[in-house]
Structures are given as C-alpha cells and as structure tokens.
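Reading the structure
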Amino acid sequence: KSLYLGLAAVSFAAVAGTSVNASAKTYAKLSAPSTVLTTAANTRNVNLTGTNAIYSKPGTVKGAKVVATTTTAKRLAASKNGSDNFRAYRVVTTNRGSVYYKVVSFDGQYRGWVYGGKSATAFGGGVESYSTTTDPAATTDTTSSASSASSATSTSTSNQTNGLTADQKAATYKIASVGTSNDGTEVTYTYPAWTQYKKGRVITDSTPYKDATFKVTDQTTRTREGDLWVKIEATDAANSKANGWILYSGLKQAT
C-alpha cells in the first residue's frame, strides 16, 4: 500500500510539472541584430498581403505589440491611395528561422515589423514586392478616335488612363491651372506623387510658370490610383526648374 501511494504521488508531481511547463509561453530570440537593406530603393517598395499584422518588434519576440492588425493590413493592401504604399528597410531573423522585415508606410502612419517568410533575400509571408507604377495601356494611333482625342485636348487634357497618342506626345503643353495645390495638377514632382518614399515636389508654386511651355518626355500610371502621369521638360531652359512629373489631366495643350 505504501509503495502504491508513493508511485501515485510521483506520477501526480510529474503530470503537474508537465502541465506547468506546457502553459509557460516561450518567445523567439533574434539570431543577430537587424541589418539595413541595401538594394535599390524601388526594389524595396512592398505591399502588405493581409495575412500578418505589423508589430513594434518581430511578432514572436517578447514585448512585441500590435501596430496594425491583420484587418488593417488587408485594408491597406487593397487601398487605392498611394500613401498606403510601404518601403522595407531592415531585416532580422529569429532563432526559429523566421524572417521579419521592418516597413514603413509612405505617409509614415504605420511603422513596424512584419513576418516575411523564411528567406532574408525574398519577400514572403505578410509582405510582397510591389511596383508603385505601371506602364499605361498602349493607344493605337491609327484609329479615328486618336485624332479625335487629340482635337478634344487642344485646350485641356482628359482624365485618360491609357498611353498618349503620337499627336499627344508631340504636342506642347502648359500647366492648366497654376498655383500651390498639392493634388498633382498644379505643381511638379520628382516622381509621381506617393510612388517613392520621401520623394516630393520639385516646385511648390507654379504661378511663375503660367506662360511656360513644356514637352512630354515620359509617362506612367500609378498602380493604386490608375491615373496617368507625365514627365515634362520646359521648352525654354529658363523654366527648367519646373521640370518634373505632373498629372496629365493637369495640363492643357498650348496653341
């Protein structure tokens, strides 16, 4: 009887110990300090996938707090506003082999760590590579609609999203409404607005260029908004300080 009771006591202690250990939360640790990503900036433009939240620290590390929930991440991933683009700039790996990237939204509202899969050289998990601009759909210049579009834009441009026709590329333009508005139509930008992190306006007031004329040298479409942007260059070098990107709808053809 004494032996039976002794074995029962030992068994109970073993079970109790196992229960306590199983309930204790274990945290991952960083294998090494985080490192700065050094690839070209545009290769580090990313979009959230919505499968993982953003944390103040790598998510499985002790003390990590939620910066953006998976619900928020899904909303940002589907956003039609370029300010919700993200840039990845640091990477770290935990002792469990999980990779986390530190990211920041272009408007600076969200900054933190998101699970990025198991590779430190390829985005995965809650973040994926993302092109903030895309080539506009080509326009067939041989159709009658092409010449009609060119005629219709003799004084102002339409909100077209397809590529420019040959006539539109060859035309000379003015800024339709000069001023200081930061909406893409009145001033020029180093890149189309919100397509590169911390890249802003070339000029903040186009009033001095109300009579300046420009030629279009490049074109692109913002991926999220779907609007057409063009790069313009002044026909007079004296106005070259205004050279940059602007919404095509912000221009009018010069007569």
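Residues numbered from 1 in each chain as written. Predicted model: local features only at pLDDT ≥ 70, side-chain atom pairs only at ≥ 80, totals over all residues. Heavy atoms only, no water.

Attention now moves to empty space enclosed by the protein. For the structure shown, the criterion picks out one cavity of 30 Å³ or more. The wall of the largest cavity is formed by G82, N85, Y130, T132, A193, W194, T195, R222, T223, R224 and E225. Partitioning the lining of the largest cavity into residue classes produces three nonpolar, five polar and three charged. (1 Å grid on protein atoms, 1.4 Å probe; cavity = no way out; pocket = protein on both sides within 12 Å on 5 of 7 lines; lining within 4 Å. Points joined across faces, edges and corners; volume = space filled by probe spheres on them. Nonpolar A, V, L, I, M, F, W, Y, C, P; charged D, E, K, R; others polar.)

Moving on to the pattern of salt bridges. Counted under the stated rule, the structure contains three salt bridges. A salt bridge links K210 to D211; the nearest nitrogen and oxygen atoms lie 3.1 Å apart. The exposed category is assigned to D211, whose relative accessible area is 56%. One salt bridge in this structure joins D227 and R222, with 2.7 Å as the shortest N-O distance. (Salt bridge = Lys/Arg side-chain N within 4 Å of Asp/Glu carboxyl O. Buried < 20%, exposed > 50% of the residue type's maximum accessible area, 1.4 Å probe, protein only.)

The next subject is the layout of surface pockets. Gaps between atoms show up when a probe of the same size as a water molecule is rolled over them. Within this model, the largest pocket holds a volume of roughly 240 Å³. Around the largest pocket, the lining is made up of 15 residues, and of these N182, Y189, A193, W194 and K199 lie nearest the centre. Residue composition of the lining of the largest pocket, grouped by class: six nonpolar, four polar and five charged.

Residues of the protein with pLDDT of at least 70 account for 84%, and the chain-wide mean is 88. Scored below 50 in pLDDT, residues 142–155 shows 13 contacts in the model against residues more than four places distant or in partner chains. (pLDDT = per-residue confidence, 0-100. Contact = heavy atoms within 4.5 Å.)

All of the buried residues along helix α2 (residues 70–77) are T72, A73, L76 and A77. The buried side chains of α2 occupy one side of the element, clustering within an arc of 140° when seen end-on. Turned more than 90 degrees from where α2 packs its buried face, T71 and K74 sit exposed. (Helix = DSSP H or I, 4+ residues; strand = E, 2+ residues; numbered from the N terminus. Arc of directions from axis to C-beta.)

Relative to the helices and strands, Y27 resides in the loop between α1 (2–23) and β1 (35–36). Exposure remark for Y27: the relative accessible area of 35% places this residue in the partly exposed category. Residues Y27 and K62, 35 residues apart in the sequence, show an inter-C-alpha distance of 5.7 Å. Residues in contact with Y27, not counting those within four places in the same chain, are T60, V61, K62 and R96.

Quick look at the pairing of strand β5 (residues 86–93) now. Looking at chain direction, β1 and β5 are connected through two bridges and run antiparallel. Looking at β5, one finds that T35 is bridged to V91. When strand β2 (residues 45–48) meets β5, the two strands line up antiparallel, connected through two bridges. Paired with N45 across the two strands is R87, which belongs to β5. Hairpin connection, β5 to strand β6 (residues 99–105): the antiparallel pair is bridged by five residues, and G97 has positive phi, about 85°. (Pairing = 2+ DSSP bridges.)

What follows concerns the nonpolar core. By size, the foremost hydrophobic cluster in this structure holds 23 residues, and its most contacted members are F214, V230, I232, Y248 and L251. The set of elements that each furnish at least two residues to this core consists of β10 (172–175), β11 (214–222), β12 (228–234) and β13 (244–247). Of the residues forming this core, the biggest block, five residues, is contributed by β12. Ignoring anything within four residues of it in the chain, the contact list for Y248 reads T157, S158, Q160, L164, Q168, Y173, L228, W229 and V230. With 17 residues, the next largest nonpolar core counts L37, L48, A73 and V114 among its residues. (Core = buried A, V, L, I, M, F, W, Y, C linked by side-chain atoms within 4.5 Å.)

This part is about the environment of T38. Mapped onto the secondary structure, T38 falls in the loop between β1 and β2. Between the C-alpha atoms of T38 and Y89, which are 51 residues apart in sequence, the distance is 7.9 Å.

Before going further, it helps to examine unusual backbone geometry. Backbone phi values are negative for most residues with the exception of glycine, while trans is the configuration of most peptide bonds. Non-glycine residue W194 carries a positive phi angle of around 65°. With respect to the secondary-structure elements, W194 resides in the loop between β10 and β11. Positive phi is not limited to glycine here, since K198 has a value of about 60°. Locating K198 in the fold gives a position in the loop between β10 and β11.

Attention now moves to the packing of aromatic side chains. In the structure shown here, the tally under the stated rule is five aromatic pairs. With 5.8 Å between their ring centres and 40° between their planes, F106 and Y197 make a pair best called tilted. Of this pair, F106 sits in the loop between β6 and β7 (111–115) while Y197 is found in the loop between β10 and β11, placing the two residues 91 residues apart along the sequence. By relative accessible area, Y197 is classed as buried at 17%. (Phe/Tyr/Trp six-rings, centres within 6.5 Å; stacked < 30°, edge-to-face > 60°.)

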